[in-house]
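Examination of the molecular architecture
Next come the chains, spelled out residue by residue.
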Amino acid sequence: MIVCDEIDSLILKYNLDRFYPNYRKSIFAKELLTEIFAQLPHGEIVHLLGESQDDVDHVCECIANDNISITKAVVPSENDSRVSVSEYNHVFWTSLKDSTNIKQKMKNDGIVYVDIYDIFKNANLEFGNDFYHVFDEEQSYAEWDNDTNYKKDELYQYEFNMHYKKYEEAECLLERKECLIRCVFIALLARDFVLFNSLANYDEIKKEFAILQEEINKILSGIEKKIKAKLSDDILVFWIDAVAYGDRSLISFWNKKKENALTFENAYTVTPNTKPTLRAMFCQKTEVSDRGYKIKEINKENSPLIRYLENSGYRVKSISGYYGTLADKIEIKRKFGFRAQASLILWNLVQQLVNSDENQFIISHFFIETHYPYLSLGKYGYDNDEQIRKDAGEKKIDEQLTFYERFMPNNAIRIYMSDHGKGRDLSDHHINFDIVSSSITKKRISKFFSIIDFYYVIKDLAEYGELKSKIYRDSVPIEVLDIYNKNNVRKNLESRVNMSPLNFGYVGDLDRKYVRKSFSNGIKWGAPLKCYDKYLPDNSAKEQIYALGLRIRGLHEAFPNEILMDDKFKYSRLMHVLYAEYMDRLSERLGIIERIFFNYSNNEIVLRMGGVHSFMLLKMLSPRAKKKISLIIDNNADCVCNGQGKQILSQKDFLEQGIKNCKAILISSYHNRCFIYDEIRQGLYDGLEIIDLYTIFEQEEIACTSDFYDAIYEDDYKLAITMLEEL
């Protein structure tokens, strides 16, 4: 474990941290902790205790003594401040603060502990903030940057953006130079050598940093030479988060690699989220069917992949600021934070490669550049415009992969993959998966591949250098896990997101991508993802898709509703209560509409306006009732009802062609009722019966103050939020 590498030494040598004194103290503090833990006797048990997981983890990363055992814990809440540490040889308090007065309680109980900040103080290292923080001042994030999950992370992207803007606006040469030196420091802190070289050539500091550039280039050349001389057979996985299949137009490096890759055109993750994908890969467990969400830590005991690789002589490592679920032995002992830059992830990959001659399996996970909020280091990496940040993030990934390519071992097998897209449908499960190796023949595979079979891919690559197992499927499983985090449930309720049940199912048939899903409120049969009129031009094709549906029907059971009783979903159950209420109200309203339609023959009803209200009506009506609708009157031929199998006529054309066999005009829009009644009063629809859904609902004593399908009321959301806070 390296606390201070050669780049850190250069930062100290050239006093690049002159505006960030905490950095130097942080380096010395970490080296001091490493030395203290190294002196502890063999076999002793050390307990790290702190107010936050960050505090505990940052101390843990300083431990390089493999002869001692480490346990970690975050103190209980103020309402439950009991601490049991009697079974440990050493207890270290890792936090600067002690808001629950745990230290005094331990003293009262006769528990001997060491406060790491007392150690620092005795070494003349005074900290006004957590010892691992670099930036002195509290950062003021942009208004759009409001995700509390990230707030404890020091934000290099924000710090760089702030000082680069000051540089552009400054008129004083001294101020411009200070801003550039700050930016150079941040670039080197993130190991972004492309950005460093660019900044070091600015006129204001070019002369000062010429020698530093030479020293860095010498270090990098030495690392490259050492790695290229390695004879190990490594397997390197480059996991680029939230990149949907084919959606990498700005990542040209990946596109070029794909030209000589074994490419899976129909690779699917089971649950389109990062940690569920990780559990599927390492543990071969799905989130719903196998209750994969219950796996708190991925380790050798529960991971066939880790067992196989370690038994085969591979050193298994992961580098990510997000995972947090792999055992300490697997995770690189360096705290990144969610917002870790791609350059820092790649630098740590290089450090693993250069410092070991063993065969290694390493996953490098790139998150924040391609996943919301899309942050990167550079002029546009913290821009207020989300699309600008997104483009800048993809370009940064491309730039860093290109730069660090020089350090990749000659014999390494590489996998470039993603874990999900950015949609809310089947495309979110469709992922990129490309294998690049001199031993693998370039080709494109159209058969289905599920990430649950990742183990077999790695086993084949490790043993044969190519794929030999039957990893391809006729269909692949898909599962969606409900939102369970309290903050996320609150966000959904506050933003009035439509509630939907948990679902899982299978997708099969390469030509038509037929989907069968089972929902927590019952089974719903899926259909081809494309319209029948495009994919099923004749009856024989329809019979084929029906036969496929019968085959897929037996692939899995109904949704296991009992998991909703798991305490993990105690917050999301509120959303299901709302959804049940919504379905009850909607069913009642649709039942009335179906009853009205029963009194009409086919093609006797006309819909006025082809907006969302008419679209939803067409989607929700039974096939029998839908036949009663003749056409839609809308002056926009490309309205949202276009493609729903009903003719769309402008009002002028409808009136000129005459009513024909139509008997009634239906008002499905609550908000446009007055407008349509104005047309009625003008006599435009004389001779037609008026079906006003909302008058009928009122007669049935059904409260409806919005479009018929909007069946959750404002008071429902408010009550749910109140109940959430009480849980």
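First, a word on what this report is: a plain description of the structure on this page.

About the thresholds
- Residues numbered from 1 in each chain as written.
- Predicted model: local features only at pLDDT ≥ 70, side-chain atom pairs only at ≥ 80, totals over all residues.
- Heavy atoms only, no water.
- Pairing = 2+ DSSP bridges.
- Helix = DSSP H or I, 4+ residues; strand = E, 2+ residues; numbered from the N terminus.
- Contact = heavy atoms within 4.5 Å.
- Axes fitted to C-alpha atoms, helices over the stretch in contact; angles between N-to-C directions.
- Buried < 20%, exposed > 50% of the residue type's maximum accessible area, 1.4 Å probe, protein only.
- 1 Å grid on protein atoms, 1.4 Å probe; cavity = no way out; pocket = protein on both sides within 12 Å on 5 of 7 lines; lining within 4 Å.
- Points joined across faces, edges and corners; volume = space filled by probe spheres on them.
- Nonpolar A, V, L, I, M, F, W, Y, C, P; charged D, E, K, R; others polar.
- Salt bridge = Lys/Arg side-chain N within 4 Å of Asp/Glu carboxyl O.
- Phe/Tyr/Trp six-rings, centres within 6.5 Å; stacked < 30°, edge-to-face > 60°.
- Lys NZ or Arg CZ within 6 Å of the ring centre and 35° of its normal.
- Polar contact = N/O pair within 3.5 Å; in protein donor to acceptor, adjacent residues only side chain to side chain.

**Quick look at the sheet that holds strand S1 (residues 45-50)**
Taken together, four strands build an open sheet; the order of strands is S2-S1-S3-S4 and the sheet is parallel. Two strands close off the open sheet at either side, each with one partner strand: strand S2 (69-74) and strand S4 (114-115). As paired strands, S1 and strand S3 (residues 90-93) are joined by four bridges and run parallel to one another. Directly across from Leu48, in S3, lies its bridge partner Phe92. Packing of helix H3 (residues 53-60) onto the sheet brings it into contact with S1 and S2, and relative to S2 it is tilted by some 165°.

**Some words on the sheet that holds strand S19 (residues 647-649)**
One open sheet accounts for five strands, arranged S19-S18-S17-S20-S21; its pairing is parallel. The sheet terminates laterally at S19 and strand S21 (689-692), the two strands that pair on one side only. Averaged over all pairs of adjacent strands, the angle between strand axes in this sheet comes to 30°, irrespective of strand direction. With three bridges connecting them, strand S18 (residues 629-633) and S19 associate as parallel partners. Bridge pairing in S19 links Ile633 to Leu649. Sheet strands touched by helix H20 (residues 612-620): strand S17 (605-608), S18 and strand S20 (664-667). Its angle to S17, the strand with the most contacts, is close to 140°.

**Some points on the environment of Ile116**
Structurally, Ile116 is set in helix H5 (residues 116-122). Classification of Ile116 by relative accessible area gives buried; the value is 0%. When the C-alpha atoms of Ile116 and Leu32 are compared, they prove to be 10.0 Å apart, with 84 residues separating the residues in sequence. Other than its neighbours up to four places away in sequence, Ile116 contacts Leu33, Val59, Phe92, Trp93, Thr94 and Phe131.

**Details of empty space enclosed by the protein**
According to the stated counting rule, one finds two cavities of 30 Å³ or more in the structure shown. If you add up the space inside the largest cavity, you get close to 40 Å³. If you go around the largest cavity, the residues you meet are Phe238, Phe253, Leu346, Leu401, Tyr404, Glu405, Met408, Arg414 and Tyr416. For the lining of the largest cavity, the elements supplying multiple residues, two or more each, are helix H14 (386-404) and strand S9 (413-417). Grouping the constituent residues of the lining of the largest cavity by class yields seven nonpolar, no polar and two charged. Size it by volume and the second largest cavity reaches roughly 30 Å³. Lining of the second largest cavity is provided by Ser320, Gly321, Tyr322, Phe338, Ala340, Ile345, His365, Phe367 and Ile368. Broken down by class, the residue content of the lining of the second largest cavity amounts to six nonpolar, three polar and no charged.

**Observations regarding the pattern of salt bridges**
For the coordinates displayed, the defined rule picks out 36 salt bridges. Between Glu215 and Lys13 there is a salt bridge whose closest N-O contact spans 3.0 Å. Here Glu215 is found in helix H9 (residues 206-228), whereas its partner Lys13 is found in helix H1 (residues 6-13), with 202 residues between them in sequence. On the basis of relative accessibility, which here comes to 54%, the residue Lys13 falls in the exposed class.

**So, the packing of aromatic side chains**
The final tally for this structure, using the stated rule, is 41 aromatic pairs. Ring geometry for Phe120 and Phe131: centres 5.4 Å apart, planes at 55°, overall tilted. Of this pair, Phe120 sits in helix H5 while Phe131 sits in the loop between H5 and helix H6 (156-169), and the two are 11 residues apart along the sequence. Assessed through its relative accessible area of 0%, Phe120 is described here as buried. Of the residues examined, Phe131 reaches a relative accessible area of 0% and is grouped as buried. A network of ring pairs unites the aromatic residues Phe264, Phe282, Phe361, Phe433, Phe449, Phe454 and Tyr472 as a single cluster. Sitting over the face of the ring of Tyr20, Arg182 holds its NZ or CZ atom 5.0 Å from the ring centroid. We note Lys468 situated over the ring of Tyr464; from NZ or CZ to the ring centre the distance is 4.6 Å.

**Observations concerning H1**
Buried within H1 are the following residues: Ile7, Asp8, Leu10, Ile11 and Leu12. The secondary structure elements touched by the buried residues of H1 are helix H2 (21-38), helix H7 (173-189), helix H8 (193-200), H9 and helix H13 (342-354). Residue Asp5 occupies the N-cap position of H1, its side-chain oxygen lying 3.0 Å from the main-chain nitrogen of Ile7.

**Regarding unusual backbone geometry**
Between Tyr372 and Pro373 the backbone carries a cis peptide bond, its omega angle lying at 15°. Topologically, Pro373 is positioned in the loop between strand S8 (359-366) and H14. Positive phi, close to 85°, is recorded for Met609, a residue that is not glycine. By secondary structure assignment, the location of Met609 is in the loop between S17 and H20. The phi dihedral of Glu701 falls on the positive side, at around 60°, and the residue is not glycine. Structurally, the position occupied by Glu701 is in the loop between helix H24 (693-699) and helix H25 (714-726). Classification of Glu701 as exposed rests on a relative accessible area of 76%.

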